[in-house]
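Analysis of the macromolecular model
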Amino acid sequence: MPTVSERVVLLPGDGIGPEVAEQARLALEVLAPEVALDERLIGAAAIRATGSPLPQETIDACLSAVAVLKGPVGDPEFEAAEVRPEQGLLALRAALDTYANLRPAVLGEVDVLIVRELVGGLYFGARGVRDDGTVFDTCEYHPRQVERLARWGFRLAESRRGLLTSVDKANVLETSRMWRRVVDEIAPEFPEVQVEHMLVDNAAMQLATTPQQFDVIVTENMFGDILSDLAAAVTGGLGMAPSASLSDGGPGLFEPVHGSAPDIAGRGVANPVAMLRSTALLLEHGLARTEEAEALNRAIEAAIVSSPTIDLGGTASTSDFGAAVREQLAVDGVASSSYGGS
Ligand code: IPM
Ligand code: MG
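The following paragraphs examine the structure supplied in this document.

The rules behind the values
- Residues numbered from 1 in each chain as written.
- Chains lettered and ligands numbered in written order.
- Predicted model: local features only at pLDDT ≥ 70, side-chain atom pairs only at ≥ 80, totals over all residues.
- Heavy atoms only, no water.
- Helix = DSSP H or I, 4+ residues; strand = E, 2+ residues; numbered from the N terminus.
- Rg over C-alpha atoms; globule rule 2.2 N^0.38 Å.
- Buried < 20%, exposed > 50% of the residue type's maximum accessible area, 1.4 Å probe, protein only.
- 1 Å grid on protein atoms, 1.4 Å probe; cavity = no way out; pocket = protein on both sides within 12 Å on 5 of 7 lines; lining within 4 Å.
- Points joined across faces, edges and corners; volume = space filled by probe spheres on them.
- Nonpolar A, V, L, I, M, F, W, Y, C, P; charged D, E, K, R; others polar.
- Near = heavy atom within 4 Å.
- Polar contact = N/O pair within 3.5 Å; in protein donor to acceptor, adjacent residues only side chain to side chain.
- Sits in = over half its atoms within 2 Å of the grid points.
- Pairing = 2+ DSSP bridges.
- Axes fitted to C-alpha atoms, helices over the stretch in contact; angles between N-to-C directions.
- Contact = heavy atoms within 4.5 Å.
- Domains from an automatic or database assignment.

Some thoughts on the overall build of the protein chain
Summing up its helical and strand segments, the protein chain has 12 helices and 12 strands in all. Scaling as 2.2 N^0.38, a compact globule of 342 residues should have a C-alpha radius of gyration of about 20 Å, and the protein chain matches this with 20 Å. Along the first, second and third principal axes, the C-alpha atoms of the protein chain reach 55 × 50 × 40 Å. Looking at the protein chain as a whole, 52% of its 342 residues qualify as buried.

What to know about empty space enclosed by the protein
Counted according to the given criterion, the structure contains 2 cavities of 30 Å³ or more. Volume-wise, the largest cavity comes out at about 60 Å³. Looking at the largest cavity, the residues that line it are Cys139, Tyr141, Val167, Asp168, Leu173, Thr175, Ser176, Trp179, Glu220 and Phe223. Within the residue set of the lining of the largest cavity, elements represented by two or more residues are strand E8 (163–168) and helix H6 (174–186). Broken down by element, the lining of the largest cavity gets its largest block of residues, 3 residues, from H6. Its residues assigned to classes, the lining of the largest cavity shows 6 nonpolar, 2 polar and 2 charged. The volume enclosed by the second largest cavity comes to roughly 40 Å³.

Description of the site of ligand 1
By nearness alone, every residue bordering ligand 1 is listed as Glu86, Leu89, Arg93, Arg103, Arg116, Tyr123, Asp225 and Val257. Arg93 is positioned with one of its side-chain polar atoms (N or O) 2.7 Å from an oxygen atom of ligand 1. For ligand 1, an oxygen atom lies 2.9 Å from a polar atom in the side chain of Asp225. Most atoms of ligand 1, that is more than half of them, are within 2 Å of grid points of the second largest pocket. The dominant element in the shell around ligand 1, judged by the number of residues it contributes, is helix H4 (residues 85–96), at 3 residues.

A word on the sheet that holds E8
Ordered in space as E2-E1-E3-E12-E11-E4-E5-E10-E8-E9, the 10 strands form an open sheet in which the pairing is mixed. Every interior strand has two partners, whereas the edge strands, strand E2 (36–39) and strand E9 (194–199), have only one. Between one strand and the next, the sheet's axes are offset by a mean angle of 25 degrees, whatever the strand orientation. Sheet topology note: the strand E5 (residues 110–117)/strand E10 (residues 216–219) ladder contains 4 bridges and is parallel. By the bridge assignment for E10, Ile114 is matched with Ile217. Where helix H3 (residues 56–63) meets the sheet, its contacts fall on strand E1 (7–11), E2 and strand E3 (67–70), and the angle it forms with E1 comes to roughly 145 degrees.

As for the layout of surface pockets
In this structure, the largest pocket occupies an estimated 590 Å³ of space. If you trace the largest pocket, you find 23 residues lining it, with Pro104, Val106, Leu281, Glu284 and Asn297 closest to the centre. Of the residues that constitute the lining of the largest pocket, the class distribution is 12 nonpolar, 5 polar and 6 charged. The computed volume of the second largest pocket comes to approximately 440 Å³. In this structure, the second largest pocket is lined by 23 residues; those nearest its centre are Val73, Glu86, Leu89, Arg93 and Asp225. For the lining of the second largest pocket, the secondary structure elements donating two or more residues are H4, helix H8 (221–234) and strand E12 (252–256). The dominant element in the lining of the second largest pocket, judged by the number of residues it contributes, is H4, at 5 residues. When the residues that make up the lining of the second largest pocket are grouped by side-chain class, the tally is 8 nonpolar, 5 polar and 10 charged. Of the domains in this structure, domain 1 (1–98 + 247–342) and domain 2 (107–240) are the two that each give at least three residues to the lining of the second largest pocket.

Have a look at this one:
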C-alpha cells in the first residue's frame, strides 16, 4: 500500500474528462512513476454509479491523498435534475477547503494570475424559494475568508511583478465594501506590493482590451469564475487554461478551468492542454517537483507547435497531442535522468 505522500487521486469526471485525464495519467507515469494514481468517481459518472455526485469514499480518498487531479464535471442529462454533477465539485472544494484558486493566463506579453476565492460568496450562501415564488441566492463573506485569500494574492504579487488588483463591486455590494477594507488593512504588511481596486465591470473591459496591465488579480468566487473564462479567452482559449486550488496545508485540487464539453465528448478531439498544465501545477504545488513541472510545461509548449489540436487550427487528436508531449519529455531526457531505476 503506497504511503499517503505518494498517492494522488485522479477524478476523470464527465464528457471530455476521461479523454484528457488519460493523457494526464500517462504524463504523470513518466514524470513521477513512483506516485500511485488512485482513480475515483465524481460528477455525473458518480451519480450514475452511486446516486451521489461525490460519494463518501471519494471524499475520504481525497482527504488522505497528497493531491487531487480532476477533470471537468457536468452532463446535459442532469442539467435540470435535483442532484447535479456540479454539486459534487462544489462539495469537494468545500471538503478540502481549497479556498485559493490560482488561474494563470499567459500568452505573449500577457501574464495574469487570477486568485479566485473558491469556497464562499454566492456559490455557498443561503438560497431558496420564498412563499411568493421569489428565488434567491445570497453572497456572504466573513472578513476572515477575505483576509486569508488576500494574503495569497499579496504573497503571489510579491513573488511576481508586485501589482495586486483587487476586483469587487464596491459601488453596489456590502460584501465588496468589506472586501476592499480588508485588502487595505493587510496592504501595509506587504510594502513591496502596489495595490489597486477595480470594479468588476471595468476589470472585464480592461481584461478584454489591455490584459497586459495585470499581474495578480484577487477576487471573490463568482467574479473570479467569470473573469477567468475571459482571461482564458484572451490567452488562447478555454482549452488552454489550468487551475490550482490550494488550502492551508491540506491536499490541493488541480483541474482545468474549462467544462466537460459534451458536444465533442467521446470523439478523441478534445484539447488536453488545460488538463496537462493542471498536472504541471500539481507537480509544482502538490508534489514540490518544480523541475518536472517545468519540463512538462516545456513539452506542452513544444506539442502546441508540433501537434496542435483542432481548436488550435491543427489536426492532432487528444492522444496524438499527449504522445507528442511524452516524446518531447523523452527528448528532454527528463523521465530517465530524474527517475532512473525507480
Ligand atoms: C469553474 C467551473 C465551475 C465553477 C462549475 C463547473 C461549477 O465553471 O471551475 O470555473 O463555476 O466554479
Ligand atoms: Mg467557470
